[in-house]
Amino acid sequence: MFDTRQLVAAETLAPFWKGLQSSAPYRPAADWLISSPYHRPTDLSGLSIEALAEPVRLETLFTQRSLLLNRLLFNVYEQNNLYLPTERFSEEDTRAFHGFYEPGFVAANAVMRPALENTCFDFLSRELSVQGPWTVETLEAYCTERLRAYEASPSETCRRVQASDCPQEAARLFLLQVAPDFISEASQMARALPGNFGPVHSELMKIFIDEFGYGVHPKKHSTLFEKTLESVGLSSRVHTYYYWYLPSSLVMTSYFHWITSHKPRWFEYVGALYWIEAVVPHFNRQYSKLLKAVFGRDGVDTLYFDEHVGIDIHHRRMAFDKLIRPMVQLYGESVIPAMVRGIEASRLLGDVAERDFLAQMDFCDALHSGQATPASPGDLSRAEERPRGYFLEPQVCDRDTVLAVAQGEVEVDGGYLRPRVLKAGEALQVPAGRMVGARVVGEGARLFVGAAPPAVRG
Ligand SMILES: [Fe+2]
Ligand SMILES: [Fe+2]
């Protein structure tokens with residue numbers, strides 16, 4: 001009923017796409033930080049609706065098209081989340097609040113959703129294998145073995161952050177990548193709760209209650225995460241760092257919205273939930289230790305991470321014994337492949353997110369240590385005049401890219417929230433797949449942004 005290619009070809013979606021391209025919540029920002037939760041820069045102006053017809057593949061996940069489509073899909077789901085200002089509504093807040101949740105805007109987003117889901121999640125079905133035969137015993141053995149293997153090796157993310165030249169910035173960059181999920185933690189689980197689906201409904205509710213701090217606001221997991229952010233000098237305002245969410249971070253968060261909103265994916269959700277709860281204790285123990293090592297024992301609030309070390313051992317047991325096992329008993333072994341699919345999808349998305357994060361961290365390290373310089377700054381005569389304040393929004397470079405300053409000063413960042421200033425004659429090379437943003441400071445500048453010259457092979 002909702003064939004993306006047909007709808008795109010018939011131009012059925014075109015008016016909605018056009019509306020979104022010029023919508024206020026998606027307009028670009030003028031600076032690095034986003035000051036309102038209702039402002040979600042998603043520049044669709046250069047993206048034709050045909051971009052939806054071509055599914056994002058694993059090989060094209062770290063591209064600008066993928067970033068924009070994943071920002072859009074994330075925002076579509078986020079319209080289900082209520083965000084309120086932390087203080088009295090200003091006139092501007094009121095306008096933005098009503099704008100983000102305006103029924104016409106919500107409807108235009110919603111009508112794009114099935115097409116976006118096809119485009120953004122299609123790669124999962126190509127990458128995953130859930131071949132059986134399965135029984136609850138083989139499933140349990142498979143889970144135990146996967147988990148044993150996961151817990152057998154220390155986290156590469158933690159090792160590399162600690163070894164970074166800028167460990168504090170790298171540790172913060174990681175927090176930014178989990179923010180799309182943690183800032184509204186378990187909102188996807190909340191999507192799974194309406195209805196009436198037997199005893200497992202109440203078991204899921206038990207996990208949900210823990211995630212929401214059993215009604216005690218300071219204990220709510222998203223509140224604990226806010227405290228961690230604030231303790232390392234980051235803002236806890238909703239999506240302040242939206243510009244730095246990598247495509248893999250967005251797709252990971254959206255995946256859980258997808259499998260909880262698309263009800264036939266319930267069994268997949270239970271598998272995915274199990275895996276996420278299962279891997280958290282091992283990782284969080286290490287990340288808590290890392291945060292203390294990097295910021296000093298008294299300098300950081302690690303309760304978010306510490307709390308999960310304990311509670312998620314409990315949650316992973318609940319997910320298996322109270323959700324997975326009784327459902328296999330009730331519905332039979334035919335529901336197991338979907339559960340395995342959820343586990344495998346979470347594993348894959350976790351691996352991809354780690355790869356994306358580490359590559360971005362390496363780029364940021366190189367940028368800040370002055371090592372990301374191209375062999376040649378390219379043809380500076382092609383540099384264009386840019387006024388003071390000109391802002392090149394953080395974006396993913398589809399190919400190796402050179403950013404060169406012919407005149408004036410330009411600050412450049414890759415997500416360390418500490419832009420490096422490039423002066424006239426200086427240039428930066430950005431590897432394909434990496435995110436970069438720039439802003440002209442001072443009295444305007446002449447700036448070149450374009451493909452890096454091909455490397456000379458000896
Ligand atoms: Fe949690
Ligand atoms: Fe949990």
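Up top you'll find the structure we're talking about.
Residues numbered from 1 in each chain as written. Chains lettered and ligands numbered in written order. Predicted model: local features only at pLDDT ≥ 70, side-chain atom pairs only at ≥ 80, totals over all residues. Heavy atoms only, no water.

A. Representation of the overall build of the chain within the structure. Counting secondary structure elements, the chain contains 15 helices and six strands. Compactness check: the chain gives a C-alpha radius of gyration of 23 Å against a globular reference of 23 Å for 458 residues, within 12% of the reference. With the C-alpha coordinates aligned to their principal axes, the bounding extent of the chain is approximately 70 × 60 × 55 Å. Every one of the 458 residues in the chain was classed for burial, and the buried ones make up 55%. Considering only contacts in the chain between residues 6 or more positions apart, those separated by 24 or more positions represent 81%. If you sum the accessible surface of the chain, you get close to 20,100 Å²; carbon and sulfur atoms cover 53% of it. Computed over 46 positive and 56 negative side-chain charges, the separation of the two mean positions in the chain equals 1 Å. (Helix = DSSP H or I, 4+ residues; strand = E, 2+ residues; numbered from the N terminus. Rg over C-alpha atoms; globule rule 2.2 N^0.38 Å. Buried < 20%, exposed > 50% of the residue type's maximum accessible area, 1.4 Å probe, protein only. Contact = heavy atoms within 4.5 Å. Areas by Shrake-Rupley, 256 points an atom, 1.4 Å probe, with all protein chains shown as cover. Lys, Arg positive; Asp, Glu negative; His and termini not counted. Charge placed at Lys NZ, Arg CZ, Asp CG, Glu CD.)

B. Region of the structure containing the coordination of the iron ion (ligand 2). Bound to the iron ion (ligand 2) on the protein side are Glu211 (OE), Glu277 (OE), Asp312 (OD) and His315 (ND1), at distances that span 2.2 to 2.4 Å. Seen from the iron ion (ligand 2), its four donor atoms lie at angles of 72 to 156 degrees, and the figure they make is irregular. Expressed as a motif, the donor residue spacing for the iron ion (ligand 2) is E-x65-E-x34-D-x2-H. A separation of 3.9 Å is found between the iron ion (ligand 2) and the iron ion (ligand 1), which share glutamate 211 as a coordinating residue. Here histidine 315 lies in helix H14 (residues 303-331) and glutamate 211 lies in helix H10 (residues 199-211), a separation of 104 residues in the sequence. Of the two residues examined, glutamate 211 and histidine 315, each falls in the buried class. (Donors = N, O, S within 2.8 Å, 3.2 Å for Na, K, Ca; no water. Tetrahedral: all angles 85-135°; square planar, octahedral: opposite > 155°, others 65-115°.)

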